[in-house]
Amino acid sequence: MSLTSLFKPKAVALAPTAAAPPGRGALRALLRDGPAVLGLVLVGLLVLMAALGPLIAPFPDQGAGAANVADRNLAPSLTHLLGTDAMGRDILSRILYGARPALLVSVGVVGLAVLVGVPLGLVAGFRGGRLDEAIMRVSDMFLAFPPLLLAMVIVSLLGPSLWNAAIALVVSWWPWYARLVRGLAVSLRERPFVEGARTLGLRDVTIMRRHILPNCSSPILVQATTDIGTVLLAAGSLAFIGLGAQPPTPDWGLMVAEGRTYVFSQWWMSAFPGAAIFLAVLGFNLLGDGLRDALDPREVGR
Amino acid sequence: MIRFLMRRAATSALVLLGVMLATFLLARVVPASPAVAYIGPKAQPEDIARVERELGLDQPLHIQFWNYLTDMLTGDWGDSIGTKQPVLGEIGERLPATFELLAVAMAAAVLVGVVLGVVAARRKHTKLDHLIRLLSIGGVSMPAFWLGLLLQVVFVRALGLLPPTGRLGPDTPFTYPITELTGLYTVDALLTGNTAALGDAVLHLILPAATLAAYPAGVVARMTRATMIEMLAQDHVRTARAYGLSERTVTWRVALRGALPPVTTVFGLTLAYSLTGTFFVEVVFNWPGLGQFAAQALLNVDYPAIMGVTVLGAVGYVLVNLVVDVVQARLDPRVGLA
Amino acid sequence: MSDLLSVEDLEVSIGAVRPVRGVSLRVAPGEIVGVVGETGCGKTLTGLAVLGLLPPGARASGRVVLGGDDVLGGDPRAVRGRKVTMVFQNPGTAFDPVTTIGGQFARVLRAHTGCSRRAARARAAELLTAVELPERVLDNYPHQLSGGMLQRCMIALALSCEPSLVIADEATTALDVTVARQILRLLLRLQREHGFGVMFVTHNLAEARDICDRVYVLYAGRVAEEGMAHAVLDRPRHPYTRALLAALPRLDAPRGRLASIPGSVSHAEVGCSFAERCPDAKDVCRAETPPAHDGVACHFPGGAP
């Protein structure tokens, strides 16, 4: 969903005059920006959890899904820092185990959407004509559905599972990248340095790879960063209404759904997994927002 | 204006046709056999053949699509497998509940978002601005289903201030029955002077509307801030100041007026996003609207209901875009209506 | 005669840069005073400081007194749109693009007089007539009007405030030569009819000579030379004014190289700012900032001995 990109539409439409990949100046600008650093910390934590979760989880077997009937519905305590769920599983361990699939799915979905959408948008924007028309009409058809609705329908028809949810999200996400990159490519196509490259007789593929793509990298990077958060949120939402990961997968959205029945008596069952989603998404959004500012040439020297 | 509307309506119709084709293909091509879905997993081959004939599934695809199109246009949206009732009727029954929720949430989101955005822009790079930035990005990052549960825990369980779920308290339909005119309980109660029911309906709206509003409010606040900062630096705002207009007039009348077109665009997009947002909010708050119906249909692979909801969602989306374009043209005289 | 506007030792700094470094000038009631110089000499900032409209981040010191009101020390909103208004350089962007001209007039008129919508419209129509525009312009949006028409509207809007001082900031620069002439003539006529003072900020020396009573020549944020317009521009004493006049292209000059001033503006803290580019510079010019004497800030006014 490129809604978040609309926070600063001009920054997305921007196109530097020469291939200037995001450099050290941008990094320094990012590190001076408090909220962006918070985002970086949150994302770093998520990555750490995904990498080490199963190793540092206090109750690894429960994290993986094994029930533990003796310790059902325990409030947070020193043994179970975040309490236990209705099947007696340690919620902290479940959350730690859930980080890896959450991160893999969201990064994977955005990565695939970029892989499909960017080349299509590049070709459409640079070549124009019939090919452009065809690609854009197809992506229009995908974009004609309200965000997430298409993904939900696809999951419903394929049968609910984490894997199918990921497929559905890729299918409904790539057109946003095709759109974004096409717009950038169209505006870059007329720039003098591209004209120049053409006059030199470079092949289209070379021009696209060497001159157009590097100039699109900043907006794509910003978009992808926020989108990882958005996809994480979407996958969690799908799982919450039963259209994503299925039990006993340690999925955060699913955990919120499982704890929902008990929310008035055992609030921790839903509260903590939901907080994990919130903080992860917040991290990517803050980071993306900070990147947008840091990579925006207009903000230099602010 | 008329020509502009006609052209936009024609494009919208084309988009809708595309959506219906896509929905049709999804439903016919993706699953192994829709007939199996109708009968259930234990279907016998002869049953499947019979149902396929009944549903017209033995016809060539283009004929099937034609039949589907004409059925949809003549109001025959099929019967829901779950409720055994006509899908169109089910939708009509639930539409007002969702509309009421959506309207209240979006109005709140615009109000809060615009005010926060303007304040942040006026005080950019101050502590207040950073706080608003965190708040608005927080609103955008908030899983609606989780926020809804948290609000319930705090305002219902801990504070006891608000009712938990549904559109009305359990007794209200009996003690203060609402005469349905529009299906919007607040409006109906207001029109018939039923103040007790009005109060109850309003109390029930607060939490779900707040949950649904978090995301659009955050987006609108961010967009308003960015646009207002640009606006406040423009020449014509300096002119307004030079001619002695007060800062309040300069901010809220001159600069904000200029910031409205881009904010409207973003608002339209978030409204579309909130269409699916109702699915989760309605599930959490047991709100008897379309979102809940849709979520059920998706879970139970209730084909006719899914297709109905999907087409309706796309119609809503197209309408939102159309309205945004028209409003845009009215707000900015430089946008030609041609 | 008491001054309408008196600026004393005005300094404007933006971060470490000081674009205005001690400008003093005055405008008498009904007087047309030119402020001339190159881009970046501080003339526009001086004008904005009089309105208290400096860009964010800019800080001003010194004294700006307008008709008895201290602008820098007090609330500039007390004078803006009442005693002083500005006609801006770029009519295309100076108007609100999403409001009709009439709406923008109404906004200003009603803020000052609190009159009804209808009265505001009637007054706006009168004002447009004064600048030779038809009433229907009130229903137009800025993008539907030409630059010259917009500048007429801007002047009418300025009139609506019945100001005692109008600051015209490069008011004709963005216009075609013929249109610029018309606008100048209009401004002069209205000045005679209404008797307001004009601070005429421009880089166009010919215009300044034609319409101004007195001029100030600014260089690098300081007043280089001041005096009666004809005296200064016909018999310049400061080498910068001479160089500026020599750089004007002339139709009657022999064909050949266009004159220019060598080098670029320096903001040296010590010595004369123009020393680096001055053909007559001596050691003392680089060592000591020349004091203003008899209207010229130069160690060797009228040329080196």
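Nothing here was measured: the structure is a model prediction, and the numbers come from that model.

1. As for the overall build of chain C
And step 1. The helix and strand tally for chain C stands at 10 helices and 10 strands.
And step 2. By the compact-globule yardstick of 19 Å for 305 residues, chain C fits well, its C-alpha radius of gyration being 20 Å.
And step 3. In terms of its C-alpha atoms, chain C occupies a principal-axis envelope of roughly 65 × 50 × 35 Å.
And step 4. When contacts within chain C are restricted to residue pairs at least 6 apart in sequence, long-range pairs at least 24 apart make up 63% of them.
And step 5. Of the roughly 13,800 Å² that chain C leaves accessible, carbon and sulfur atoms contribute 52%.
And step 6. Here chain C contributes 34 positive and 32 negative side-chain charges, whose respective centroids are spaced 4 Å apart.

2. Considering the UniProt feature "domain: ABC transporter" (unreviewed entry) in chain C
And step 1. As annotated by UniProt and renumbered to match this structure, "domain: ABC transporter" (unreviewed entry) occupies residues 5-245 of chain C.
And step 2. Spanning residues 5-245 of chain C, this segment combines 38% helix with 27% strand, and its end C-alpha atoms are found 28 Å apart.

3. Topic: the state of the cysteines
Residues and elements named next belong to chain C.
And step 1. Counting across every chain of the model gives zero disulfides over all chains.
And step 2. Summary of cysteine pairing: Cys212 is not part of a disulfide, and the nearest cysteine sulfur, belonging to Cys41, is at 14 Å.
And step 3. Note on Cys298: no disulfide assigned, nearest cysteine sulfur contributed by Cys285 at a separation of 6.3 Å.

4. Topic: the interface of chain B and chain A
And step 1. In this assembly, 55 residues from chain B lie in contact with 55 residues from chain A.
And step 2. Here chain B meets chain A over a buried area of about 4,900 Å², counting both sides, of which 78% is carbon and sulfur.
And step 3. In this assembly, chain B and chain A are joined by two salt bridges.
And step 4. In this assembly, chain B and chain A are joined by eight residue pairs in polar contact (both at pLDDT 80 or more).
And step 5. Contributions of two or more residues to the side of chain B that touches chain A are made by helix H1 (2-29), helix H6 (127-141), helix H7 (144-158), helix H10 (195-232), helix H12 (247-284), helix H13 (290-299) and helix H14 (303-331) of chain B.

5. Some words on H13 of chain B
And step 1. Within H13 of chain B, seven of the 10 residues are buried, which leaves it mostly tucked inside the rest of the structure.
And step 2. Those residues of H13 of chain B that are buried are in contact with helix H7 (149-158) of chain A together with helix H5 (87-122), H12 and H14 of chain B.
And step 3. Just beyond H13 of chain B, the residue with positive phi is Val301 of chain B, at close to 45 degrees.

6. Here we look at the pairing of strand S7 (residues 165-169) of chain C
Residues and elements named next belong to chain C.
And step 1. Burial of S7 is extensive: five of the five residues sit out of reach of the surface.
And step 2. Here S7 shows two buried faces, one formed by Leu165, Ile167 and Asp169 and the other by Val166 and Ala168.
And step 3. Here four bridges tie strand S6 (residues 84-87) to S7, and the two strands are oriented parallel to one another. From the neighbouring strand, Thr85 faces S7, where its bridge partner is Val166.
And step 4. With five bridges connecting them, S7 and strand S8 (residues 197-202) associate as parallel partners.

7. Some points on the domain arrangement of chain C
Residue and element names in this part refer to chain C.
And step 1. Per the domain assignment, the segments of chain C are domain 1 (5-83 + 163-297) and domain 2 (92-162).
And step 2. The C-alpha-based centres of domain 1 and domain 2 are spaced at 29 Å.
And step 3. Listed as interface residues are 16 residues of domain 1 and, on the opposing side, 14 residues of domain 2.
And step 4. Contact with domain 2 buries surface across domain 1, with Pro163, Ile183 and Leu186 losing the most and accounting together for 35% of the total.
And step 5. Counting across the interface, domain 1 meets domain 2 through one salt bridge.
And step 6. Here Arg189 makes a salt bridge to Glu132, at a shortest N to O gap of 2.8 Å.
And step 7. Inspection of the domain 1/domain 2 interface yields five residue pairs in polar contact (both at pLDDT 80 or more).
And step 8. Among the residues making up the side of domain 1 that touches domain 2, the classes are represented as nine nonpolar, four polar and three charged.

8. Notes on the interface of chain B and chain C
And step 1. With 18 residues of chain B at the interface, the matching set in chain C holds 29 residues.
And step 2. On the chain B side of the contact with chain C, Arg238, Tyr243 and Pro333 of chain B bury the most area, a combined 33% of that side's loss.
And step 3. Inspection of the region where chain B meets chain C yields zero salt bridges.
And step 4. Where chain B touches chain C, the interface holds six residue pairs in polar contact (both at pLDDT 80 or more).
And step 5. The set of elements that each furnish at least two residues to the side of chain B that touches chain C consists of helix H11 (235-242) and H12 of chain B.

9. Concerning the side chain of Arg89 of chain A
And step 1. Residue placement: Arg89 of chain A occurs in the loop between helix H4 (60-64) and helix H5 (91-127).
And step 2. Setting aside its immediate chain neighbours within four residues, Arg89 of chain A contacts Gln62, Gly65, Ala66, Ala67, Gly83, Thr84, Arg94, Pro248 and Glu258 of chain A.

10. Here's the deal with the pairing of strand S4 (residues 58-66) of chain C
All names here are of chain C.
And step 1. As paired strands, strand S1 (residues 5-14) and S4 are joined by eight bridges and run antiparallel to one another. Of the residues in S4, the one forming a bridge with Ser6 is Val65.
And step 2. Pairing of S4 with strand S5 (residues 69-70) involves two bridges; the strand directions are antiparallel. What sits directly across from Leu66, in S5, is Asp69.
And step 3. Between S4 and S5, which pair antiparallel in sequence order, lie two residues; one of them, Gly67, sits at a positive phi of approximately 50 degrees.

Cut-offs and rules
- Every chain's residues receive numbers from 1 upward, in the order its sequence appears when written.
- The order in which chains are written sets their letters, starting at A; the order in which ligands are written sets their numbers, starting at 1.
- Predicted model: local features are reported for residues with pLDDT of at least 70 only, side-chain atom pairs are reported and counted for 80 or more only, and whole-chain, interface and lining totals are derived from all residues.
- The side-chain values count all of the structure's non-hydrogen atoms but skip hydrogen atoms and water molecules.
- A helix here means a DSSP run of H or I that spans at least four residues, while a strand means a run of E at least two residues long, and both kinds are numbered starting from the N terminus.
- All radius of gyration figures rest on C-alpha atoms, and the globule criterion is 2.2 Å times the number of residues raised to 0.38.
- When checking whether two residues touch, look at their non-hydrogen atoms; a contact exists if any pair is within 4.5 Å.
- For accessible areas, the Shrake-Rupley method is used with a probe of radius 1.4 Å. Any residue's cover is judged against the shown protein chains and nothing else.
- Charge counting follows a simple rule: Lys and Arg are positive, Asp and Glu are negative, and His as well as the terminal groups are ignored.
- Charge positions come from single atoms, namely NZ of Lys, CZ of Arg, CG of Asp or CD of Glu.
- UniProt positions are given in the numbering used here, feature names are shortened, and annotations may be inferred rather than shown by experiment.
- Cysteine sulfur atoms are paired as a disulfide whenever they fall within 2.5 Å.
- By convention, the term buried area covers the 1.4 Å-probe accessible surface removed from two parts as they join, with the contributions of both added.
- When a carboxyl oxygen of Asp or Glu lies within 4 Å of a side-chain nitrogen of Lys or Arg, that pair is called a salt bridge.
- Here a polar contact means two N or O atoms within 3.5 Å. Within protein one must be a hydrogen donor candidate and the other an acceptor candidate, and residues neighboring in sequence count only if both atoms are side-chain atoms.
- Each residue is placed in one exposure class: buried if its accessible area under a 1.4 Å probe, protein chains only, is under 20% of its type's maximum, exposed if it is over 50%, and partly exposed if it falls in between.
- Think of it this way: DSSP has to see at least two bridges between two strands before they count as a pair.
- An automatic or database domain assignment supplies the start and end points of every domain.
- Just so you know the grouping, Ala, Val, Leu, Ile, Met, Phe, Trp, Tyr, Cys and Pro go in nonpolar, Asp, Glu, Lys and Arg go in charged, and all remaining residues, Gly too, go in polar.

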